[in-house]
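# Architecture and fold: a report
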Amino acid sequence: KRQGLLATWHLHRDQMLMRALSILQEASFKRQHATVSSVQRHQQMLVCAKLMDKVNEWKLMKEEESRLAAELDHIRIEREAELERNRRQVEGKMRRAQKTQIETYQTKKSFQNQKEQEEKERRLAQLRETLDQQAKVDRQRVNFRENERLRKIDECNVERSRKEREKEENEERLEQLRMQVRGKLNVQSDPARITAQTHASNARIDPESEDCSTNVGDLFVLHTWKDKKIAGDSRVRVERALRQAGLHDTAYARSVLQNIPPPQPPRKDTISNVKFGYE
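Before going further, it helps to examine the overall build of the protein. On a plain count of helices and strands, the protein comes out with five helices and zero strands. Along the protein, from the amino end to the carboxyl end, the secondary structure elements read α-α-α-α-α. Within the span of the protein, comprising 279 residues, buried residues form 3% of the whole. Across the protein, every contact between residues at least 6 apart in sequence was considered, and the portion connecting residues at least 24 apart equals 21%. A total of about 27,000 Å² of accessible surface is found on the protein, and carbon and sulfur atoms cover 56% of it.

Pasting the structure below:
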């Protein structure tokens, strides 16, 4: 029994010690939790206080910002109103000055227009008087020219009548001469003789013909050069050779032709003093 009681006592004792230990641990944990909670609550209260201070500071700053913005708006509005008043005053002064200038200009313009109108009226009167005088002179000239024209027509008619009369008299005299010649000469009618060749033209075409019995000269006096004389000029032959070679419009051809002397020196009155671009 004693050992059973001791074992039971030891068991209950261990259980009681374990229960006490757990109660102590739980109490210690609760105390620690309570301490941590109080510290956290204190820190949270400090944070909240700081946040409240910042919020209050932000509210004050916003109120000051609103107050300053309102003051600036009020100052801006007053300044704009002042500028508008100044602008209106300046515009009023400018309008009054422009009105004065316009009135002065209109007065000067009216005076100038009146003066120009008077000058134009005076000039118009002078022109009308001049035109009237010129019209009188023109009528006199027209009458004089008409009289002169009629006189010249009469003179022309008289002259025409005289010429016709003289022509008729000449025709009569010529007819009398024809009658005299027809009676003395026995000339037959040959109309083909008008378009036929003459001895001189045959000699000019064929100098070896029978019609050319003597060494006759040219039928007409020539005031130019013949083709043989032109072809005898060395400049013409050189120009022809350059043209055949396709070099007649080059600087080389111009320089060559400039250096070729003519067959006879030109007269001094034919030398030009005009300088061209290629010379």
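Next comes the rest of the account.
Another aspect to go through is the pattern of salt bridges. Here the structure, examined in full by the defined rule, presents 17 salt bridges. Salt-bridge contacts for Arg151 lead to Glu148; the nearest nitrogen and oxygen are separated by 2.5 Å. With Arg151 and Glu148 both in helix α1 (residues 2-184) and three residues apart, the pair spans about one turn of that helix.

Now for a negative patch on the surface. A cluster of acidic side chains, namely Glu164, Glu168, Glu169, Glu171 and Glu172, defines a negative patch on the protein surface. On the basis of relative accessibility, which here comes to 51%, the residue Glu172 falls in the exposed class.

Summing up the model confidence of the protein, the mean pLDDT is 81 and the portion of residues at 70 or higher is 87%. Element-level mean pLDDT values for the protein span from 71 in helix α2 (residues 199-205) up to 90 in helix α4 (residues 234-245).

The rules behind these values
- Residues numbered from 1 in each chain as written.
- Predicted model: local features only at pLDDT ≥ 70, side-chain atom pairs only at ≥ 80, totals over all residues.
- Heavy atoms only, no water.
- Helix = DSSP H or I, 4+ residues; strand = E, 2+ residues; numbered from the N terminus.
- Buried < 20%, exposed > 50% of the residue type's maximum accessible area, 1.4 Å probe, protein only.
- Contact = heavy atoms within 4.5 Å.
- Areas by Shrake-Rupley, 256 points an atom, 1.4 Å probe, with all protein chains shown as cover.
- Salt bridge = Lys/Arg side-chain N within 4 Å of Asp/Glu carboxyl O.
- Patch = residues over 30% accessible without salt bridge, like charges linked within 9 Å, V, L, I, M, F, W, Y side chains within 5 Å.
- Lys, Arg positive; Asp, Glu negative; His and termini not counted.
- Charge placed at Lys NZ, Arg CZ, Asp CG, Glu CD.
- pLDDT = per-residue confidence, 0-100.

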